[in-house]
Amino acid sequence: MTLEVNDLVQGFVEDCREHLDHIEAALMDIEAAGDNQDPELVNSVFRAAHSIKGGAGMLGLDAIKTLSHKLENVLHMVRSNEMTPTKAVVSVLLEGFDKLTELVDDIAQSENIPIDIQVAKLVALAEQKSPDSSAPREPARIEVGRSRIFTVDPLSLEQAKAGGNDIYLLEYDLIHDIHGKGKMPLEVLRSLTDTGRIVDCKVDFAAVGDLEAFGNSIPFYVLFATILEPKYVCGLVKLPQERVRHIDDAKDAVHVAQPTTFREEFGPVVLNAADGAGRVTVPRHLDAHALANLRVALLAAMNRCASLVVDWDGVDQCDVFFFQLLCAAQHSCNAQGIRMDVEGALDADLRKAAAAMGFGCRNVSGCLFNAA
């Protein structure tokens, strides 16, 4: 992305350099202190990464935002005593901040500078110390209005909620709430960091419209975590109550989508999903209890997956209700535009039984019971 270094961007660069000037010395002091940390020193480095992340998010500088965000995750663990700042940990942090300085120094080309190595090291460090690092987790997708989407990784969501914080969606109007009152967006972000944590922020430039339908507002969305109660948040951010929404209560404005990669067990039936592709593994014996669980698992898969595979390879005992359930599932999938397939070879005797019961529709394209 090519950027014109205007006053706003230049102000951001100057702020970043001020934050980054003393980072190396601070990190060396943090390493030397080991377990006997100065909380204020650790917090100052954390706030530097946090402030840079907020400003980069507002300006659409994704590389700077991503890298500072990952630095923030690790520093949160250090300041909350979840991670000891050993030489290895500080080395990764120093490398990350060095790369961040490189991005800031070449702001116009920052989106083209690779950060993959530094991000991977920081993510690996955070996952080692995460209490639930063995479980597969996926970013929460938070949809705002018609088109704006925040993607928040689970670790950041947990850290933002730490200490009893709640997360609010703040809906500023860049024209009337900020510029119209003689403020700058970076000033607003700085004031928010004094009383809480900015999870993410974005400007919805699509709302500007075009020359035929010229908009009179530019939404500026901020996901803000704070321990303050809603009535106090409104006073703090100088916004009316209808534009300060708790993400759990603003179902019309905010939607946190369920993960598309997950594993769930429904009794003996297992539903695995990877990137929206679901797989339901059917148990060997299908009694009434297992069939009830299979129905629930199929419904869950249809609600949360774009495609579905039923693995019936291990089935060696079933009755007419199993065949009826699969036919009903196929009809539901067809109606919703979801592709449903089966995997594995159904036992020959069971296939004959299906045919005898009227389910062996060999001349019907797509019939599940024609699968080899």
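Starting from 1, residues in each chain are numbered consecutively following that chain's sequence as written. This being a predicted model, a pLDDT of at least 70 is required before a residue's local features are given, and a value of 80 or more before pairs of side-chain atoms are given or counted; all residues contribute to the totals for chains, interfaces and linings. Calculation of side-chain values draws on the structure's entire complement of heavy atoms; hydrogens and water are dropped beforehand.

### Quick look at empty space enclosed by the protein
Any residue with an atom within 4 Å of a point lines the site, the site being either a cavity, points on a 1 Å grid over the protein atoms alone where a 1.4 Å probe fits but cannot get out, or a pocket, an open set with protein on both sides within 12 Å along at least 5 of 7 lines. Grid points are joined across faces, edges and corners, and a volume is the space filled by probe spheres set on the points. One pass over the full model with this rule turns up two cavities of 30 Å³ or more. Estimated volume of the second largest cavity: approximately 30 Å³. What lines the second largest cavity is Leu27, Ile30, Val42, Leu75, Val78, Pro85, Val90 and Leu93. Within the residue set of the lining of the second largest cavity, elements represented by two or more residues are helix 2 (23-33), helix 4 (62-79) and helix 5 (87-105). Amino acid classes used here: Ala, Val, Leu, Ile, Met, Phe, Trp, Tyr, Cys and Pro are nonpolar; Asp, Glu, Lys and Arg are charged; the rest, including Gly, are polar. Looking at the lining of the second largest cavity residue by residue, the class counts come to eight nonpolar, no polar and no charged. Think of it this way: any DSSP run of H or I at least four residues long counts as a helix, any run of E at least two long counts as a strand, and we number them from the N terminus.

### Re helix 2
For helix 2, the set of buried residues is Ile23, Ala26, Leu27 and Ile30. Down the axis, helix 2 shows its buried residues gathered within 100° of arc, on one side only. The exposed set on the far side of helix 2, more than 90 degrees from its buried face, consists of Glu24 and Ala32. Among the structural elements, helix 1 (7-20), helix 3 (39-59) and helix 5 are those in contact with the buried residues of helix 2. Accessibility here uses a 1.4 Å probe with only protein chains present; expressed as a share of the type maximum, an area under 20% marks a residue as buried, one over 50% as exposed, and anything in between as partly exposed. Directions from the helix axis toward the C-beta atoms define the arc. Contacts between residues were defined by any pair of non-hydrogen atoms, one from each residue, lying within 4.5 Å.

### Structural notes on the confidence of the model for the protein chain
As a per-residue measure, pLDDT reflects the predictor's confidence and takes values from 0 up to 100. The pLDDT averaged across the protein chain works out to 82; a share of 83% of its residues lies at or above 70. The secondary-structure element of the protein chain with the lowest mean pLDDT is strand 7 (residues 254-257), recorded at 58, while helix 5 shows the highest, at 95. The low-confidence segment residues 1-5, where pLDDT is below 50, has twelve contacts with residues more than four positions distant or belonging to other chains. Low pLDDT, under 50, characterises residues 362-366; the stretch is placed with four contacts to residues that sit more than four places away or in other chains.

### Side note on the packing of aromatic side chains
Pairing of aromatic rings covers Phe, Tyr and the six-membered ring of Trp, with a centre-to-centre limit of 6.5 Å; geometry is then stacked below 30 degrees between planes, edge-to-face above 60, and tilted otherwise. By the definition in use, this model includes two aromatic pairs. Between Tyr172 and Phe220 the ring centres are 6.0 Å apart and the planes differ by 35°, which places this aromatic pair in the tilted class. One end of the pair, Tyr172, is in strand 3 (residues 166-173); the other, Phe220, is in strand 5 (residues 219-226), and 48 residues separate them in sequence. Each member of the pair, Tyr172 as well as Phe220, is classed as buried. The ring of Phe46 carries Arg79 above its face, with NZ or CZ at 3.7 Å from the centroid. Lysine and arginine charges are scored as sitting over a ring when NZ or CZ, respectively, is within 6 Å of the ring centre and within 35 degrees of the ring normal.

### Section: the side chain of Thr193
Residue placement: Thr193 occurs in helix 9 (residues 185-193). The contacts of Thr193, once residues within four sequence positions are left out, are Arg47, His50 and Ile198.

### As for the nonpolar core
The biggest cluster of nonpolar side chains holds 66 residues, and the ones touching the most others in it are Phe12, Ile64, Phe97, Leu170, Tyr172, Phe220 and Val222. Apart from residues no more than four positions distant in its own chain, Ile64 is found in contact with Phe12, Ile52, Ala56, Leu100, Leu103, Val104, Ile107, Ser110 and Glu111. Joining through side-chain atoms within 4.5 Å is the link that ties buried Ala, Val, Leu, Ile, Met, Phe, Trp, Tyr and Cys residues into a set, and such a set is a nonpolar core. Formed by 33 residues, the second largest nonpolar core is a distinct cluster that contains Leu271, Leu291, Ala301 and Ile338.

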